[in-house]
Amino acid sequence: MLKTSTAHWLILLALTAPAVVLTRDGLTGNALLAPVLLLTFIKGRIVIDHFMALLPVGAPWRWILLGWLFLVLALIGHAFQPT
């Protein structure tokens with residue numbers, strides 16, 4: 001039986017694989033940006049909830065960190081938006 005942290009780490013690895021495949025398939029622009037940022041958000045949420053142990057903590061701390069993650073990813077998405 002896997003420990004919970006090991007299972008979450010394997011999930012993070014599994015979510016990294018599609019991003020690697022998308023970049024190797026030659027996708028560019030929004031076809032690449034949106035899925036990679038979505039996968040990154042999902043992975044960030046796993047880290048915040050499970051590895052930082054904020055899942056059982058009150059909403060303000062979780063919302064602050066999730067908001068920060070969303071803001072950073074939105075800024076990255078805006079910076080790499082094709083013209």
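Every value quoted in this text rests on a predicted model; they were computed, and no experiment measured them.

Engineer: I'm lost on helix α1 (residues 4–24) in this one. Help?
Structural biologist: With 21 residues, α1 ought to run about 30 Å at 1.5 Å a step, and its terminal C-alpha atoms sit 31 Å apart, in line with that. All of the buried residues along α1 are H8, L12, L15, A19 and L22. Along the axis of α1, the buried positions cluster into a sector of 75°, meaning they face one direction only. Looking at the buried positions of α1, the neighbouring elements they touch are α2 (30–51).

Engineer: Help me out: how do you make sense of the packing of α1 against α2 in this one?
Structural biologist: Packed helix pairs are characterised by how far apart their axes lie and by the angle those axes make with each other. Here α1 crosses α2 at 170°, and the two axes come no closer than 10 Å. With respect to their mutual orientation, α1 and α2 come out roughly antiparallel. Contacts from S5, H8, W9, I11, L12, L15, T16, P18, A19, L22 and T23 of α1 reach α2 at L32, P35, V36, L39, I42, K43, I46, V47, H50 and F51. A class-by-class count of the residues in the contact of α1 with α2 yields 15 nonpolar, 5 polar and 1 charged.

Scoring rules and cut-offs
- Residues numbered from 1 in each chain as written.
- Predicted model: local features only at pLDDT ≥ 70, side-chain atom pairs only at ≥ 80, totals over all residues.
- Heavy atoms only, no water.
- Helix = DSSP H or I, 4+ residues; strand = E, 2+ residues; numbered from the N terminus.
- Expected span 1.5 Å × (residues − 1).
- Buried < 20%, exposed > 50% of the residue type's maximum accessible area, 1.4 Å probe, protein only.
- Arc of directions from axis to C-beta.
- Contact = heavy atoms within 4.5 Å.
- Axes fitted to C-alpha atoms, helices over the stretch in contact; angles between N-to-C directions.
- Parallel < 35°, antiparallel > 145°, perpendicular 65-115°, else oblique.
- Nonpolar A, V, L, I, M, F, W, Y, C, P; charged D, E, K, R; others polar.

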